[in-house]
Amino acid sequence: MFQLSPLVAPLILVGCATMALTVYGIYYHQKGYRQQYLRAFICYVGVLSILLVLTVAAEITTPLEWRLTILNLGNAVVIPLLLYTFLWFTLSYTNRRVLFTRLLGFGALMHVLIIGSVVWANPTWMYTGYMTTVEPTSVFGVTVGSYVTIERTLKTPFYAWQLYSYALYSVGCVVLLQFLYVQRDSLVVSQILMIGFAFTLPVIVNVLVFLHIVSPQSNPMQFAFGGSAILFGISIIRYRLFEVAPIGRKIAVEQMNTAVVVTTITGRVIDHNVAFSSRIEAENDTFVGSQLSAALPEAATLLDTTGAMKVEQTIESTAQPWHAIVTKSPIKLQATQPAGFVITIEEITAQKEKEQTLEQQNEQLDRFASVVSHDLRGPLQTAKGYLSLAQDEHRSEELEEVRKAHDRMETMIEEFLALSRAKTAVVDPDPIELEPFITRVWGERNPTDATLTVELPPGYEISGDAVLLARLFENLFQNAVEHNEGHVTVTVGVPEFGDGTQGGFYVADNGTGIPPKEHDDIFEYGYSDRDGGTGLGLAIVESLVHAHEWDISVRNRSDDGAIFEVATHTAEERQR
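Residues numbered from 1 in each chain as written. Predicted model: local features only at pLDDT ≥ 70, side-chain atom pairs only at ≥ 80, totals over all residues. Heavy atoms only, no water.

Draft legend 1. Summary view of the nonpolar core. Ranked by internal contacts, the top residues of the largest apolar core, which has 44 residues, are Phe-89, Phe-199 and Phe-225. Counting residues per element, the ones that place at least two in this core are helix H1 (8–30), helix H2 (36–60), helix H3 (64–93), helix H5 (156–182), helix H6 (189–210) and helix H7 (220–239). With sequence-adjacent residues up to four places away left out, Phe-199 is seen in contact with Tyr-44, Phe-86, Phe-89, Tyr-169, Cys-173, Leu-176, Ser-228 and Phe-232. The next biggest cluster of nonpolar side chains, apart from the first, holds 40 residues, and it includes Phe-437, Ile-438, Val-490 and Ile-540. (Core = buried A, V, L, I, M, F, W, Y, C linked by side-chain atoms within 4.5 Å. Buried < 20%, exposed > 50% of the residue type's maximum accessible area, 1.4 Å probe, protein only. Helix = DSSP H or I, 4+ residues; strand = E, 2+ residues; numbered from the N terminus. Contact = heavy atoms within 4.5 Å.)

Draft legend 2. The arrangement of the packing of H2 against H3 in detail. Where H2 contacts H3, the axes come no closer than 8 Å and their chain directions differ by 165°. Relative to H3, the element H2 is oriented roughly antiparallel. Of the two possible hands of crossing, H2 and H3 adopt the one that is left-handed. Broken down by class, the residue content of the contact of H2 with H3 amounts to 22 nonpolar, four polar and three charged. (Axes fitted to C-alpha atoms, helices over the stretch in contact; angles between N-to-C directions. Parallel < 35°, antiparallel > 145°, perpendicular 65-115°, else oblique. Left-handed = near helix turned anticlockwise from the far one by under 90°. Nonpolar A, V, L, I, M, F, W, Y, C, P; charged D, E, K, R; others polar.)

Draft legend 3. Expanded view of empty space enclosed by the protein. Evaluated as defined, the whole model comprises three cavities of 30 Å³ or more. Here the second largest cavity defines a volume of roughly 50 Å³. Forming the walls of the second largest cavity are Leu-51, Leu-54, Thr-55, Ala-58, Ile-70, Leu-71, Gly-74, Asn-75 and Gln-222. Broken down by secondary-structure element, the contributors of at least two residues to the lining of the second largest cavity are H2 and H3. Here the residues of the lining of the second largest cavity are counted per class, giving five nonpolar, four polar and no charged. (1 Å grid on protein atoms, 1.4 Å probe; cavity = no way out; pocket = protein on both sides within 12 Å on 5 of 7 lines; lining within 4 Å. Points joined across faces, edges and corners; volume = space filled by probe spheres on them.)

Draft legend 4. The arrangement of the packing of helix H14 (residues 434–445) against helix H15 (residues 466–482) in detail. It is at 10 Å that the axes of H14 and H15 come closest, and there the two elements cross at 60°. The angle between H14 and H15 falls in the class oblique. Taken as a pair, H14 and H15 cross one another with a handedness that is right-handed. The segment H14 lies against H15, with Leu-434, Phe-437, Ile-438, Val-441, Trp-442, Glu-444 and Arg-445 engaging Ala-466, Leu-469, Ala-470, Phe-473, Glu-474, Phe-477 and Gln-478. For the contact of H14 with H15, the class distribution of residues is ten nonpolar, one polar and three charged.

Draft legend 5. Region of interest: the pattern of salt bridges. Per the counting criterion, the structure on display carries six salt bridges. One salt bridge connects Glu-312 with Lys-352, and the closest N-O pair in it is separated by 2.8 Å. One end of the pair, Glu-312, is in strand E7 (residues 309–315); the other, Lys-352, is in helix H12 (residues 349–393), and 40 residues separate them in sequence. The partly exposed category is assigned to Glu-312, whose relative accessible area is 48%. Arg-440 is the salt-bridge partner of Glu-444, the closest N and O atoms lying 3.1 Å from each other. With Glu-444 and Arg-440 both in helix H14 and four residues apart, the pair spans about one turn of that helix. The class of Glu-444 is exposed, set by a relative accessible area of 53%. A relative accessible area of 41% places Arg-440 in the partly exposed class. (Salt bridge = Lys/Arg side-chain N within 4 Å of Asp/Glu carboxyl O.)

What follows is the structure, given as structure tokens:
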């Protein structure tokens, strides 16, 4: 009832290879790669493994009826099912999975159920035959004893299903070969050739069978499908197709708002996303095959060199000029010359317009502050001069009040200038190492009734405007010293926020703190809790913070005193 033929061992080897590919695909699926083409590949190699198991079962089975049943099931059910999964794979891998509708999947299921039932009820439905004995032979120097094989007589249903199988496989091959042709200038040529040969191999072998060059008794199609899967498996492992597949570009790049275009080293466009077409106001949807210089001359200038580049350009070849950051990255397949370039074009028109508006506002504020400062300081200095002469001749409490009023006016002018600068948005911040910067600002004030403690990590930096930041710390230091009695310790450190992240800086004191009901009022213009105060100190602090696009908050410490926390990044930025 059972035997061993020369074909059993190679069929088992090919079957083990396809089963290994099935396990490999399932492993990647469990890792989180849930793409549809991966599921289709798992089904494809899984069905192929079933076909090889059936072929081995037919080879080792000697009763004619058993072998006919197995072979008919394999040819009428499993091979068409294999072709359905192959079609599913090619359509999903080339981003045409919408064509593999539920109706087509339902058709495949009905095929298996109906034809499977027919073959099971009538084992000779596709072909009949008789058993014949093959005499002992030598295979690769190994002598194999006699074994039986089947001589088949093909029937009309066999030819019908053969044509149907050809149709299914041809659709898949045409889709795949068309995709590979479009991608011919893309990443890896050897990868394209290997995939193309893998899926044309069964067609080549079938032609050889019909030309009687290869005997059908050796199960050539099973070996052809197995070899096809093994070749594709090699390309998967070598080129990591499950991790970075051509279809990945469709998912990631097509949904990007940033324009992306891929060119050869000579500047011929081989791929681009929808954003590129819409951004350059193209009348046609694709520029594949044309020169980049024809589509976007400004970006084409980057191709004069082979290295990576990032430049800011004004795009003037469209109806409305716009600003963009253009980045060129070489595609290197080997250590030599690049095979092409990936160019991204990110529009920054709104950002540039905002910067220009801010620069104009800053210039206007500077001019206004300079005029007001000059017009106010001149009369004030004159008044102070006459007051000094008057005090030399006559000392009185009235003249002393005038002097205090002059000092208050000078303080208000300085704070007004600081406030006008605080309204100036920071456009180009510089990295500032905080500890030496704070120490210098504190030393310039040199308060005798206070001590500075710095609790910052070594080399801790923030990005800001040095002039505005100096005034920010001056006002916070002054607030801590003037609003507390006795000796005050001022501490600067890095705050920890409620989400567990750290960033920015804080300025704290060990004084009496701030009443909670006043926390929302202390940053208001004119608010002061002491006589003679201008009420601008903390308002200036808040304006300076907002000029940097930061946030500030105040609370009382658990061990007395107030703490001002400045967040220099958003919660999302801190968590990155």
